[in-house]
Amino acid sequence: MKRRNLLAWAIALSAGFSFAQVSIDIPAAQRRAAIPIAIVPVPGDQEQMDYIIASDLFKSGYFQPIAPDRFSNRPNSPNEIDYGQFAQLGAQYVVLGRLLGNAGQAQFVMNQVGDQAVVMNEEMRGASNRMVAHATADRILEVLTGKRGAFATRIAYVLEQSGSNSRRYALVVSDIDGGNRQEIASSDQPILSPTWSPDGRQLAYMTYADYQAQIVIQSAEGGGRRVVLQSDSTSSAPAWSPDGSQLAVSLSTGEGNMDIFLVDVGSGAQKRLTNHAGIDTEPAFSPDGASIYFTSDRAGSPQIYRMGRNGGGAERVVVGSNYSSNAELSPDGQYLALTRQSGGGYQIGLYELGSGRFSALTSGRLDEGSTFAPNGEMLMYTAMEGGRSVLKLINLKGEVVQTLSDPGGRLRDPAWAPYSR
């Protein structure tokens, strides 16, 4: 796909601007059947709220924002809109905004061009103007498609940096576009597999200290670190139960293989769920908490299996491949996002549990570790690009709509936060 540099807002929607060290790249694309929409720059705005809204809407796959340098009409209210000009540009909707004095408060009005009618008029609030912009994009998506947006949610990921004689790992929380970046933990030992608690207030992850593997729970705002499991053996891949009371983890046992255990978040008490000579790892709860999906090589190659929350007989649920791993359930429980081996590489795709149909979404050589947006409409995953790992955002049309990278290190293990409760 052809890429161009993005000036401040120029929506061909290719991009190259930075938040702290993270740079974001949004590929240009022209889409058929996407809704053409014009987001008018907000008077007095210093945070490019119009760009943030348009960029978010573009990522969804449902909208084709019109670059503001294409329209000279910059109305401040609906009665100033030159509907003829916007109609000539193909716009179906025009969005106007105005600041309301205090940071984090703005009013946005959306007008339908054909009927010259107001279809949304709402005051939006947030912690900052850029969060107001994300929330506005969420609202526009919901009004015009009926789908709840996820642009105002957060992600977590691991930043790995190498020095001449050292290596540093950081757990980072940010907006989904890399803004508002905050390192909430760092270590000279690996940090792996962060995962959000169901209420979005905490993260669990795996790390090492004093040559022991640890499962740690930490506040998503930083601080409040608590070790819930420490072992001389290997542990990995914590997954929260939907009620937040337990973690499913993979632990190596005395037999030398990996099995799935439940760990009580409050007491640290462990319950073994699998007991097999194969390697059982990467547990993931179903949205209703009744089942646990996991990766196992018990049949000779990694495949996805399912068992009850309390263990018992496990059944293979993904067919038609000699390699499937890294499964995550969609929020509605109908799909698995997973990694499959194909053509000598590894790609991300969706497996429909009802029909057994698999749809490939990516075409990289080493794509893995996908995580669903809380609305199920987008995925973020780790990919290799230019010899280092980056985070890519893809919508369900199979369009890569954003890449997050860091010039000083590698990004991996993304985890998308749930909606705030």
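Just so you know, the residues in each chain are numbered from 1, in the order the chain's sequence is written. It should be noted that, the model being predicted, local features are given only for residues of pLDDT at least 70 and side-chain atom pairs only at 80 or more, the latter also being counted only at that level, while totals for whole chains, interfaces and linings use all residues. The basis for every side-chain value is the complete set of non-hydrogen atoms in the structure, without hydrogens or water.

The name an unreviewed UniProt entry assigns to the chain is Translocation protein TolB, from the organism Suttonella indologenes. UniProt positions are given in the numbering used here, feature names are shortened, and annotations may be inferred rather than shown by experiment. Quoted verbatim from the Subcellular location (unreviewed entry) heading of the UniProt record, the comment on the chain is "Periplasm". Quoted verbatim from the Sequence similarities (unreviewed entry) field of UniProt, the annotation for the chain is "Belongs to the TolB family."

> Which residues make up the nonpolar core, and what values go with them?
Definition of nonpolar core: a set of buried residues of the types Ala, Val, Leu, Ile, Met, Phe, Trp, Tyr and Cys, connected through side-chain atoms within 4.5 Å. Note on classification: 1.4 Å probe, protein chains only; a residue is buried when its accessible area is under 20% of the maximum for its type, exposed when over 50%, partly exposed between these limits. By size, the foremost hydrophobic cluster in this structure holds 46 residues, and its most contacted members are Ile-37, Ile-53, Leu-57, Phe-108, Ile-140 and Trp-416. Sorting elements by how many residues they give to this core places helix H1 (residues 49-60) first, with seven residues. Throughout, a contact is declared for two residues whenever any of their heavy atoms are within 4.5 Å. Once residues lying within four places of it in the same chain are set aside, the contact partners of Ile-53 are Ile-39, Phe-108, Ala-133, Thr-136, Ala-137 and Ile-140. The next biggest cluster of nonpolar side chains, apart from the first, holds 15 residues, and it includes Tyr-169, Ile-191, Ala-220 and Ala-415. Numbering goes from the N terminus for both helices and strands, where a helix is a DSSP run of H or I of at least four residues and a strand is a run of E of at least two.

> Run through the sheet that holds strand S9 (residues 167-175), naming residues and quoting values.
Taken together, four strands build an open sheet; the order of strands is S10-S9-S8-S31 and the sheet is antiparallel. Two strands lie at the open edges of the sheet, namely strand S10 (182-187) and strand S31 (410-416), each paired on one side alone. Strand-to-strand twist across the sheet, computed as the mean angle between neighbouring axes with direction ignored, equals 20°. The pairing of S9 with S10 spans five bridges and is antiparallel. Bridge pairing in S10 links Val-172 to Glu-183. Should DSSP find at least two bridges between two strands, the strands are taken to pair. Between the N-to-C directions of two axes lies an angle of 0 to 180 degrees, each axis being a line fitted to C-alpha atoms and, for a helix, fitted only over the stretch in contact.

> Give me the confidence of the model for the chain: which residues, what numbers.
Scored by pLDDT, the chain comes out at a mean of 90, with 93% of its residues at no less than 70. Predicted confidence is poor over residues 1-18, with pLDDT under 50, and the contacts of this stretch with residues over four places away or in other chains come to 53 contacts. Scored between 0 and 100, pLDDT is the confidence that the predictor attaches to each residue.

> Just give me the short version of the packing of H1 against helix H3 (residues 129-145), but keep the residues and values in it.
Axis separation between H1 and H3 bottoms out at 8 Å; the angle between their running directions is 40°. Considered as vectors, H1 and H3 are oriented oblique to each other. Considering how the two elements wind past one another, H1 and H3 form a crossing that is right-handed. Between H1, through Met-49, Ile-52, Ile-53, Asp-56, Leu-57 and Ser-60, and H3, the contact on the second element is made entirely by Asn-129, Arg-130, Val-132, Ala-133, His-134, Thr-136, Ala-137, Ile-140 and Leu-141. Among the residues forming the contact of H1 with H3, the class breakdown is nine nonpolar, four polar and two charged. The labels follow the angle: roughly parallel below 35 degrees, roughly antiparallel above 145, roughly perpendicular from 65 to 115, and oblique for the rest. Two helices cross in a left-handed way if the nearer one is turned anticlockwise from the farther one by less than a right angle. They cross in a right-handed way if the turn is clockwise. Side-chain classes are defined by residue name, with Ala, Val, Leu, Ile, Met, Phe, Trp, Tyr, Cys and Pro counting as nonpolar, Asp, Glu, Lys and Arg as charged, and the others, Gly among them, as polar.

> Requested: an account of unusual backbone geometry, with residues and values cited.
In this structure, Asn-180 is a non-glycine residue whose phi angle is positive, near 55°. The exposure class of Asn-180 is partly exposed, given its relative accessible area of 45%. Here the phi dihedral of Asn-326 falls at roughly 55°; this positive angle occurs in a residue that is not glycine. For Asn-326, a relative accessible area of 21% translates into the label partly exposed.

> Got a sec to walk through the domain arrangement of the chain? Specific residues and values, please.
Note that domain bounds follow an automatic or database assignment of domains. Domain boundaries in the chain define domain 1 (34-145) and domain 2 (154-416). In total, domain 1 and domain 2 occlude about 860 Å² of area from one another, counting both sides; carbon and sulfur atoms represent 47% of this. When the buried surface of domain 1 facing domain 2 is broken down by residue, Lys-59, Gly-61 and Arg-130 rank first, second and third, together holding 56% of it. Any Lys or Arg side-chain nitrogen located within 4 Å of an Asp or Glu carboxyl oxygen qualifies as a salt bridge. One can count two salt bridges joining domain 1 with domain 2. The residue Arg-130 makes a salt bridge to Asp-177 at a minimum N-O spacing of 3.1 Å. N or O atoms within 3.5 Å of each other form a polar contact, as long as, within protein, one can give a hydrogen and the other can take it, and as long as residues adjacent in sequence are counted only when both atoms are side-chain atoms. On the surface where domain 1 and domain 2 come into contact, there are seven residue pairs in polar contact (both at pLDDT 80 or more). Of all the secondary structure elements, the ones that give two or more residues to the side of domain 1 that touches domain 2 are H1 and H3. We define buried area as the total accessible area lost by two parts upon association, computed with a 1.4 Å probe and summed across both.

> An account of the environment of Pro-41 is requested, with residue identities and associated values reported.
With respect to the helices, strands and loops of the structure, Pro-41 is situated in the loop between strand S3 (35-39) and H1. For the pair formed by Pro-41 and Pro-238, sequence separation is 197 residues and the distance between their alpha carbons is 43 Å. Non-local contacts of Pro-41, meaning those with residues more than four positions away in its chain, are made with Asp-50, Pro-68, Phe-71 and Arg-74.

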